[in-house]
Amino acid sequence: MKKKKRIAQKILWVLSILTLIFLWAPMILIMVYSFSNSKYGSSWEGFTLKWYAKLFTNDQVRDALMRSLIIAGVTVVIATLIGTMTAYGLFKLNFKGKQFLRTSILLPIVFPSVVTGGALLVFFTRLVHIPLGYPSIIIAHIVFCSPLAVFIILGRMQRFDWSWEEAALDLGATPFRTFLRVTGPQLLPAIMASAMLIFPWSFDDFVITYFVSGVGSTTLPIYVFSQLRFGATPVINTIGTLFVSITMLGMVLVYFVQKMGKSST
Amino acid sequence: MSGSDTQSNDKKPAICLEIKDVVKQFPGVTAVDHISLEIQEGEIFSFLGPSGCGKSTLLRVVAGLENQDQGDILIAGKVVNALPPYKRDCSTVFQSHALFPHMDVTGNIGFGLVERKLPKAEIKERVQAKIDLVNMGGMEDRYPHQLSGGQMQRVALARSLVLEPTVLLLDEPLAALDRKLRKEMQVELKRIQREVGTTFLNVTHDQKEALSLSDRIAVMKDGVLLQIGTPAEIYETPRTRFVASFMGASNIFSGNVVSASDGKIKFQTEEGLQVILPEPADMAVDQISGFSVHPELIELQPGNVDSPAAGSAEDMLVEGTIKEVFYLGDFSEISVQVNNTDTALTIYLSRSCNEPDTRIAQGQPVVARFPAGSMNLLVG
Amino acid sequence: MPVLDDVSASQSQAQKREKRKLALNIAAYLSPIIIIVIVFVFAPLAIILFFGFLKSGPYGQIIYTFTFENVIAMMGGGYGKVFLRSVYLAFQTNFLCILFGYPIAYYIARFGGKRKILWIFMIIVPSWSSYLIRLYALKTLVGTKGTINTLLINLGLVSEPIQILYTNFAVTMALVFAWLPFMILPIYAALEGLDRSVLEAATDLGATPFRRFFRVTLPLTRGGLLAGSILVFIPTVGEWLVPSIFGGSKIMMAGSLVAHKFTQVGNIPQGSSLAIMLAATLVLILYLTIKWGGREALEKAL
């Protein structure tokens, strides 16, 4: 029996490794190509760092990167704030229509991006005339990032020992002071984790941003998309390599933040 | 394993489970350390010990959920070492009951029969019989989350019994229940066992449960078998310090035998008390290292040794002072400081209506009388 | 009697106070999200619902006459076909994701041991990496001048590059590639949440490992499968990037139609009606899923 089990385990292992290869091979490939001396970025012709040098002197890329960073930065701050307030409200208050509100909040992430993007585009251009560019993009990002924050923080609140809050109130802290000294610090890891997940969520978004960006507000994903029709290019290889590396770094960071959160409860 | 020979029955019932020199190691610990024992057909046998003593591991080895590193398991005379759990003629009732959450009561009880590919009609019939046995009639369609803790345990029991195993293994089946329910389920377990006659191998850390439920008990500690015997044997004549204290014989005196003659031994405790006892038949005199006394056997008298009440000349008398009285309702637990020593005795005093306990008060000098038969010699 | 009146009066006053307090709290904590939901979720949806029944002029302007033209256009001809294909591809993707995702999730949960975190990390990183970049990377691998073709030609196995792009196969592969992590993670979570003693009980009661998987493990991880399916199915139906990169103009999906109408043609009424149809399709599927599998699975998924 043991032998059979070991064989089953081996087979599963092989399948799992193949799956990982499927998921990772393309990305590893472009990471390798980003250091390749080939003009076309899809073959290996010796090691070079020149594409990275080019990337950092490419004005278009720099503009797009700055734009994406600003949008993601503003979105993270606002969406996390709204998310925290909403989660707290949804958790603490009981009222008619709460379930409806919860479901409604989810709509922007449940609906396909083309629907959300299209609806917002029509809304911005035909109804309220919000200029396409930073304002429309940031609003759109807040709309689809806030739900994420709400449900990450709500999930944390459900596992939270609320007797702490009662104890603080009992010991003479006002509700505001209680949030500041007890509840807030306990929720901080979740709030930070949601911020760290929202950042790439916003930074990476292409579809909705593409709909509401208008002319001239090229974010980094939009720039990448515009280059895509030329096939593989060394510049995108370098951008991709940086993206994946930063994501990995971010994941490690989130992991440690969450670990910190766990050990503090 | 010093106690494995205390059992001496005249008639020899059939052995249905044999554990032979089993060793099971986990990284850093030996969970089961060379244990051998035999379990007879139709008895309720309990492994008793504190958590981490290896009793559950041993049960899992018997079930086939763990593989031993050494030794043999024989069920109904056949070595089953190489058999996976689903081919062994035993079944386990888990502490967490482990009911399948996606199946109702009937589905859970019928699970094993379906695996044995029995005809539907027979499955239905046998499941119904077991539902009746455990008094779960009318709840056939309920799912585990709709059942109470006791009901879930009944279903788990029926689920195993329906397979008619040679041995039923119970892994702390009552530990998750509250006290009142546990008592109720003990009675139920015993009734069900008497009705079906299946051998039960029970694991528990609760000595009261082991005493009331079992025909025989094996006490374990750190993977080692300390003593096997009937509940009365284990309770009244523990052979080692650990078994004695685990069974509640909280007054334990260390010391050694100073002389032995004419079938009597003279034992001196570390506190300097001397006592004369009959020489035991089953212990070497030089191995005796102490004795234990259950708190309910000691008698308390006010005053001092010079004013003794009636009693045998071989009784041991100890002078002390009452340190603390814990009123527990049906009896009081009294802590007595032995004069001029660090030793404290624990004595249970039953409530009685003809002797108002006005004499029991903190700080009062008393004499504790140990009747001659109350002292049980220990070898380890 | 007057005493009674007093009591009920003070009671209703207390109730009123409670109500006011609740309203105040809702305003304090929830007004931002309520504004977002009303202004930026419901209003835009209402607008496209409205525009979906309007006509479009030859220069992209909107003609304010009520018409069912757009809806009828969809029911009949090519659009309906594209919708059907989207749903079919989404089902297929979902099925393949389960087929490839379950084994690895099972392996990690069961045998991951000390490396569990590393394995999970290797699954999560792709799921959070830039979607666009990942698709680009896959295209680099399978394109006409891509690594696979270059390799095959250099090895002399083929003389002409094989056509992978712009086929059904390419679209399916890209969809699975993109969404597989989102299937693995919930299945893994469900497997991790399994009570080990339940599995042991099944074995103990006579189930072989094979039978145990189908009678206990699989039914008990249904929640994970459902959650993963929601995560995979919904975005797949509305997919735009994958068909536009891997399907070209040959393999269109519902999402690409919507995007095409809005961003390329500028036919807002048609785009709106297509978007509404797409949203309605999804709401219907979601509703059925919730009815079938419970809200819990959905909320867990999200």
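Scoring rules and cut-offs
- Residues numbered from 1 in each chain as written.
- Chains lettered and ligands numbered in written order.
- Predicted model: local features only at pLDDT ≥ 70, side-chain atom pairs only at ≥ 80, totals over all residues.
- Heavy atoms only, no water.
- Helix = DSSP H or I, 4+ residues; strand = E, 2+ residues; numbered from the N terminus.
- Rg over C-alpha atoms; globule rule 2.2 N^0.38 Å.
- Buried < 20%, exposed > 50% of the residue type's maximum accessible area, 1.4 Å probe, protein only.
- Contact = heavy atoms within 4.5 Å.
- Salt bridge = Lys/Arg side-chain N within 4 Å of Asp/Glu carboxyl O.
- Polar contact = N/O pair within 3.5 Å; in protein donor to acceptor, adjacent residues only side chain to side chain.
- Nonpolar A, V, L, I, M, F, W, Y, C, P; charged D, E, K, R; others polar.
- Buried area = accessible area lost by both parts, 1.4 Å probe.
- Core = buried A, V, L, I, M, F, W, Y, C linked by side-chain atoms within 4.5 Å.
- Pairing = 2+ DSSP bridges.
- Axes fitted to C-alpha atoms, helices over the stretch in contact; angles between N-to-C directions.
- Parallel < 35°, antiparallel > 145°, perpendicular 65-115°, else oblique.
- Left-handed = near helix turned anticlockwise from the far one by under 90°.
- 1 Å grid on protein atoms, 1.4 Å probe; cavity = no way out; pocket = protein on both sides within 12 Å on 5 of 7 lines; lining within 4 Å.
- Points joined across faces, edges and corners; volume = space filled by probe spheres on them.
- Domains from an automatic or database assignment.

A. Layout of the overall build of chain A. For chain A, the helix and strand inventory stands at 11 helices and 0 strands. Along chain A, helices (α) and strands (β) appear in the sequence α-α-α-α-α-α-α-α-α-α-α when read from the amino end. Since a compact globule built from 265 residues should have a radius of gyration of about 18 Å, the 23 Å found for chain A marks it as more spread out than a globular shape. Its C-alpha atoms give chain A principal-axis dimensions of roughly 70 × 70 × 30 Å. Out of the 265 residues in chain A, the part that is buried amounts to 52%.

B. Summary view of the interface of chain B and chain C. On the side of chain C, 18 residues touch chain B, which itself brings 24 residues to the contact. The interface formed by chain B and chain C contains 3 salt bridges. Of the charged contacts in the structure, one is a salt bridge between Glu-115 of chain B and Arg-211 of chain C, with a shortest N-O distance of 3.0 Å. Our enumeration of links across chain B and chain C arrives at 10 residue pairs in polar contact (both at pLDDT 80 or more). Of all the secondary-structure elements, those providing two or more residues to the side of chain B that touches chain C are helix H1 (55-63), strand S6 (90-93), helix H2 (105-115) and helix H4 (149-161) of chain B. Top element by residues in the side of chain B that touches chain C is H2 of chain B. It accounts for 4 residues. Class assignment for the residues of the side of chain B that touches chain C results in 14 nonpolar, 6 polar and 4 charged.

C. Structural detail: the interface of chain C and chain A. Counting from both sides, the interface comprises 82 residues of chain C and, opposite them, 83 residues of chain A. Interface area for chain C against chain A, summed over the two sides, is near 7200 Å², with a carbon-plus-sulfur share of 84%. Summed over the shared surface of chain C and chain A, the result is 0 salt bridges. One can count 5 residue pairs in polar contact (both at pLDDT 80 or more) joining chain C with chain A.

D. Layout of the nonpolar core. Judged by nonpolar contacts, the single largest core of 232 residues is most densely connected at Ile-239 of chain A, Leu-37 and Phe-47 of chain B together with Phe-246 of chain C. A per-element tally of this core places helix H7 (residues 168-192) of chain C first, with 15 residues. The contacts of Leu-37 of chain B, once residues within four sequence positions are left out, are Leu-17, Glu-18, Ile-19, Phe-45, Phe-47, Ala-218, Leu-225 and Ile-228 of chain B. Counting residues in hydrophobic clusters, the runner-up holds 28 residues, among them Leu-277, Ile-322, Val-336 and Ala-368 of chain B.

E. Representation of the pairing of strand S3 (residues 44-48) of chain B within the structure. Residue and element names in this part refer to chain B. Of all 5 residues in S3, 5 are buried; the element is thus mostly enclosed. A two-sided burial pattern is seen for S3, the buried positions comprising Ile-44, Ser-46 and Leu-48 on one face and Phe-45 and Phe-47 on the other. Two strands pair when backbone bridges link them, and S3 and strand S8 (residues 199-204) are joined in this way by 5 bridges, in the parallel orientation. Bridging across to S8, Phe-45 finds its partner in Leu-201. Bridge analysis of S3 against strand S9 (residues 216-221) gives 4 bridges, and the strand direction is parallel. Of the residues in S9, the one forming a bridge with Ser-46 is Ile-217.

F. A look at the packing of helix H6 (residues 134-158) of chain A against helix H8 (residues 175-204) of chain A. Residue and element names in this part refer to chain A. Relative orientation of the contacting elements H6 and H8 amounts to 150°, with a least axis distance of 9 Å. In terms of orientation, H6 and H8 fall into the roughly antiparallel class. The handedness of the crossing between H6 and H8 is right-handed. When H6 is examined against H8, the residues His-141, Phe-144, Cys-145, Leu-148, Ala-149, Ile-152, Ile-153, Arg-156 and Met-157 are found in contact with a partner set consisting of Gln-186, Leu-187, Ala-190, Ile-191, Ser-194, Leu-197, Ile-198, Trp-201 and Ser-202. Split into classes, the residues belonging to the contact of H6 with H8 amount to 13 nonpolar, 4 polar and 1 charged.

G. Spotlight on the packing of helix H3 (residues 59-92) of chain A against helix H10 (residues 220-228) of chain A. Residue and element names in this part refer to chain A. One way to put it is that H3 packs onto H10 with a least axis distance of 7 Å and a crossing angle of 140°. On the basis of their axis angle, the class for H3 and H10 is oblique. Listed contacts from H10 to Gln-60, Val-61, Ala-64, Leu-65 and Ser-68 of H3 are Leu-220, Pro-221 and Tyr-223. Looking at side-chain class alone, the contact of H3 with H10 contains 6 nonpolar, 2 polar and no charged residues.

H. How the structure looks around the sheet that holds strand S20 (residues 376-378) of chain B. Residues and elements named next belong to chain B. Taken in spatial order, the 5 strands line up as S13-S12-S11-S14-S20 in an open sheet, and their pairing is antiparallel. The open sheet terminates on both sides in strands that have one partner only, identified here as strand S13 (274-278) and S20. Going from strand to strand, the sheet's axes swing by 40° on average, the running direction of each strand aside.

I. Inspection of empty space enclosed by the protein at higher detail. For the structure on display, the rule yields 4 cavities of 30 Å³ or more. By volume, the largest cavity is sized at about 70 Å³. Taken together, Leu-107, Pro-108, Phe-111, Thr-116, Ala-119, Leu-120 and Val-143 of chain A together with Phe-40, Val-41, Pro-44 and Leu-45 of chain C form the lining of the largest cavity. Broken down by secondary-structure element, the contributors of at least two residues to the lining of the largest cavity are helix H4 (98-110) and helix H5 (113-128) of chain A together with helix H1 (2-51) of chain C. Of the residues forming the lining of the largest cavity, the biggest block, 4 residues, is contributed by H1 of chain C. Grouping the amino acids of the lining of the largest cavity by side-chain chemistry returns 10 nonpolar, 1 polar and no charged. Its boundaries defined by the atoms lining it, the second largest cavity holds a volume of some 50 Å³. Taken together, Ser-68, Ile-71, Ala-72, Ile-137, His-141, Ser-202, Phe-203, Asp-205, Thr-209, Thr-219 and Pro-221 of chain A make up the lining of the second largest cavity.

J. Broad picture of unusual backbone geometry. Despite not being glycine, Asn-135 of chain B shows a phi value in the positive range, around 60°. When you line up the elements, Asn-135 of chain B lands in the loop between helix H3 (120-133) and H4.

K. Representation of the domain arrangement of chain B. Residue and element names in this part refer to chain B. Domain assignment breaks chain B into domain 1 (15-238) and domain 2 (249-380). Relative to domain 2, the C-alpha centre of domain 1 lies at a distance of 39 Å. Carbon and sulfur atoms make up 42% of the surface buried where domain 1 meets domain 2, a total of about 350 Å² over both sides. Per-residue buried area on domain 1 facing domain 2 is highest for Tyr-235, Glu-236 and Pro-238; these three make up 92% of the total on that side. Between domain 1 and domain 2 we count 0 salt bridges in total.

L. Structural detail: the pattern of salt bridges. In this structure the tally under the stated criterion is 17 salt bridges over all chains. Glu-122 of chain B is the partner of Arg-126 of chain B in a salt bridge, and the nearest nitrogen-oxygen pair spans 3.3 Å. Here Arg-126 of chain B pairs with Glu-122 of chain B, and both are found in helix H3, just 4 residues apart, close to one helical turn. On the basis of relative accessibility, which here comes to 32%, the residue Glu-122 of chain B falls in the partly exposed class. A salt bridge links Lys-116 of chain C to Glu-192 of chain C, with the nearest nitrogen and oxygen atoms 2.9 Å apart. Of this pair, Lys-116 of chain C sits in helix H4 (residues 116-128) while Glu-192 of chain C sits in helix H7; the two residues are 76 residues apart in sequence, bridging distant segments of the chain. We classify Lys-116 of chain C as partly exposed; its relative accessible area is 22%. Overall, the relative accessible area of 37% leaves Glu-192 of chain C in the partly exposed class.

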